[in-house]
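One-letter residues, chain by chain:
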Amino acid sequence: MARLLGGLGTSHVPSIGAALDQGLRDTPEWKPFFDGYEPARRWIDEHRPDIAVVVFNDHFNALFLDRVPTFAVGCAAEYQPVDEGWGPRAVPPFEGAAAFGWHLVDTLVEHMFDPEIIQEIKVDHGLQVPMELFWGRPAEAWPVKVVPIFVNVLQYPIPLPARLYDLGKVLRRAIDRHPGDETFVVLGTGGLSHQLQGARAGFVNPAADRRFLEDIAFRPDELAGWSRERYIETFGGEGAELIMWLVMRGALDPEVVVRHRHYFVPASMTGAGMIVMENA
Ligand code: DHB
Ligand code: FE
């Protein structure tokens, strides 16, 4: 049977990708950030998952305000990296796992979630950067297939944290019932605290970020019960992206063990965090 190996959380700040593009990995500014991911890279190397379900948001690069799905599931054979305006990056296309994508859509609809179905789309830093952080950038092909879950966290009204947690539980059912023996990881991406615009531009909250990296493992029900406004107040307007980690956490068992965790501030204007969890 298909099997969930673990849940991974990470920031997806675009400047992380830009730092890699510009060969800045080992500069004094970036080395501590990237070094913090090395244990997670080894975890991936040891477990070699077949399929990564990546929960992320497009940042008006492939979807725009003319159509904003609250939830969408990728059922494409392939996802090209989108050019976000600085030219194409040397990131290979991502192979999709369309059979699981359709099975996930089916399972979601059976459980009263009604996602948009996407068969052609490009993916931005929200997916590219987490993949590079955990797998490293391959010269030719990624060693894992991806199934993107797109969440609207930009256009009011964004979904409730509790809804995302429940979606994660349905995702887990879909994985457990998927025929075959493929292994899965689920990635929750975005955050941690940051606000890119408005009166609080530049806001970060390292104390709340560190607490989140603890609570997402051991008190997820509490985090799922927070209001959206509390996320925005605590983590900043864009830090509310953190609600997407609840999909990943909902897919795991209630009891987890934390294998790896890392926090670094600031990456660009953002508190940057990572976690690797397995079912206890
Ligand atoms: C930035 C963009 C993001 O999508 C994010 O999650 C954090 C930071 C940025 O442009 O700096
Ligand atoms: Fe983002």
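Residues numbered from 1 in each chain as written. Chains lettered and ligands numbered in written order. Predicted model: local features only at pLDDT ≥ 70, side-chain atom pairs only at ≥ 80, totals over all residues. Heavy atoms only, no water.

Under the annotation held in an unreviewed UniProt entry, the protein carries the name Class III extradiol dioxygenase family protein and is attributed to Nonomuraea salmonea.

Asker: I keep staring at empty space enclosed by the protein and nothing clicks. Help me out?
Answerer: One simple way to see leftover space: roll a probe sized like a water molecule over the atoms. Across all of its chains, the model carries one cavity of 30 Å³ or more by this definition. In this structure, the largest cavity occupies an estimated 130 Å³ of space. Per-class residue counts for the lining of the largest cavity are nine nonpolar, three polar and two charged. (1 Å grid on protein atoms, 1.4 Å probe; cavity = no way out; pocket = protein on both sides within 12 Å on 5 of 7 lines; lining within 4 Å. Points joined across faces, edges and corners; volume = space filled by probe spheres on them. Nonpolar A, V, L, I, M, F, W, Y, C, P; charged D, E, K, R; others polar.)

Asker: Just checking my understanding: could you explain the layout of surface pockets for this structure?
Answerer: Put simply, the largest pocket is a space of about 960 Å³. Lining the largest pocket are 40 residues, and of these Pro14, His59, Glu84, His125 and Leu196 sit closest to its centre. Counting only elements with at least two residues in the lining of the largest pocket, the list comes to α1 (14-21), α5 (125-135) and α9 (228-235). In terms of residue count, the dominant contributor to the lining of the largest pocket is α1 (five residues). (Helix = DSSP H or I, 4+ residues; strand = E, 2+ residues; numbered from the N terminus.)

Asker: I would appreciate a short explanation of the coordination of the iron ion (ligand 2) in the present structure.
Answerer: Octahedral metals with six donors have ideal donor angles of 90 or 180 degrees. Tetrahedral metals with four donors have an ideal donor angle of 109.5 degrees. Surrounding the iron ion (ligand 2) are the protein donor atoms His12 (NE2), His59 (NE2) and Glu241 (OE), which sit 1.9 to 2.1 Å from the metal. Going along the chain, you hit the donors of the iron ion (ligand 2) in the pattern H-x46-H-x181-E. On the criterion of sequence distance, the pair formed by histidine 12 in the loop between β1 (3-10) and α1 and glutamate 241 in the loop between α9 and α10 (245-251) is long-range, its members being 229 residues apart. The exposure class assigned to glutamate 241 is buried, which follows from its relative accessible area of 5%. (Donors = N, O, S within 2.8 Å, 3.2 Å for Na, K, Ca; no water. Buried < 20%, exposed > 50% of the residue type's maximum accessible area, 1.4 Å probe, protein only.)

Asker: I tried to follow the pattern of salt bridges on my own but got confused; where do I start?
Answerer: Once the charged atoms of two side chains with opposite charge are near each other, the side chains can pair. Applying the stated criterion to the full structure yields 16 salt bridges. The salt bridge partner of aspartate 215 is arginine 211, with a shortest N-O separation of 3.2 Å. Of the two residues, aspartate 215 and arginine 211 both sit in helix α7 (residues 206-218), four residues apart, roughly one turn of that helix. For arginine 261, the salt bridge goes to glutamate 214, with nearest N and O atoms at 3.0 Å. Taken as a pair, arginine 261 in strand β9 (residues 256-267) and glutamate 214 in helix α7 lie far apart in primary sequence, 47 residues in all. The structure contains a network of salt bridges with shared partners spanning Arg25, Asp26, Lys31, Asp35 and Glu38. (Salt bridge = Lys/Arg side-chain N within 4 Å of Asp/Glu carboxyl O.)

Asker: Just checking my understanding: could you explain the site of ligand 1 for this structure?
Answerer: In the region of ligand 1, the neighbouring residues are His12, Val13, Pro14, His59, His125, His194, Leu196, Glu241, Ser268 and Thr270. Here histidine 59 contributes a side-chain N or O atom positioned 2.7 Å from an oxygen atom of ligand 1. Histidine 125 places a side-chain nitrogen or oxygen 2.8 Å from an oxygen atom of ligand 1. Burial of ligand 1 by the protein chains amounts to 84% of its free accessible area of 290 Å². Given that more than half its atoms are within 2 Å of the pocket grid, ligand 1 belongs to the largest pocket. Classifying every residue of the shell around ligand 1 by side-chain character gives three nonpolar, six polar and one charged. (Near = heavy atom within 4 Å. Polar contact = N/O pair within 3.5 Å; in protein donor to acceptor, adjacent residues only side chain to side chain. Areas by Shrake-Rupley, 256 points an atom, 1.4 Å probe, with all protein chains shown as cover. Sits in = over half its atoms within 2 Å of the grid points.)

Asker: In this structure, what is going on with the side chain of histidine 12? I would like to understand it.
Answerer: The class for histidine 12 is buried, based on a relative accessible area of 3%. Side chain to side chain, histidine 12 and threonine 189 meet in a polar contact 3.1 Å long. At a separation of 3.1 Å, a polar atom in the side chain of histidine 12 contacts the side chain of glutamate 241. Those residues in contact with histidine 12, other than ones at most four positions away along the chain, are Asn57, His59, His125, Gly126, Val129, Pro130, Thr189, Gly190, Gly191, Glu241 and Met244. (Contact = heavy atoms within 4.5 Å.)

Asker: Sorry if this is basic, but what is going on with the sheet that holds strand β10 (residues 270-279) here?
Answerer: Here eight strands make up an open sheet; going across it, the order is β6-β3-β7-β2-β8-β1-β10-β9 and the pairing mixed. If you trace the sheet from one side to the other, it starts and ends with β6 (116-118) and β9, each paired once. If you compare each strand with its neighbour and ignore which way they point, the axes differ by 15° on average. Direction of pairing for strand β2 (residues 51-56) relative to strand β7 (residues 145-151): parallel, over a ladder of six bridges. Residue pairing for β7: valine 54 is matched across the bridge by proline 148. (Pairing = 2+ DSSP bridges. Axes fitted to C-alpha atoms, helices over the stretch in contact; angles between N-to-C directions.)

Asker: Explain the environment of proline 115 here, please?
Answerer: Among the structural elements, proline 115 can be located in the loop between α4 (98-110) and β6. Taking the C-alpha atoms as reference, proline 115 lies 27 Å from alanine 217; in sequence the two are 102 residues apart. The contacts of proline 115, once residues within four sequence positions are left out, are Phe71, Ala72, Val73, Val105, Leu108 and Val109.

Asker: What is the right way to read unusual backbone geometry from this model?
Answerer: Glycine aside, residues mostly have negative phi, and peptide bonds are mostly found in the trans state. A cis amide bond links tyrosine 156 with the next residue in sequence, proline 157, at an omega value of 0°. With omega at -5°, the peptide bond leading from valine 265 into proline 266 counts as cis. Of note, proline 266 is situated in strand β9. Unusually for a residue other than glycine, arginine 48 sits at a positive phi of about 40°. As for its placement among the helices and strands, arginine 48 is situated in the loop between α3 (38-47) and β2. Backbone geometry at serine 268 places phi at a positive 55°, although glycine is not the residue there. Within the fold, serine 268 resides in the loop between β9 and β10.

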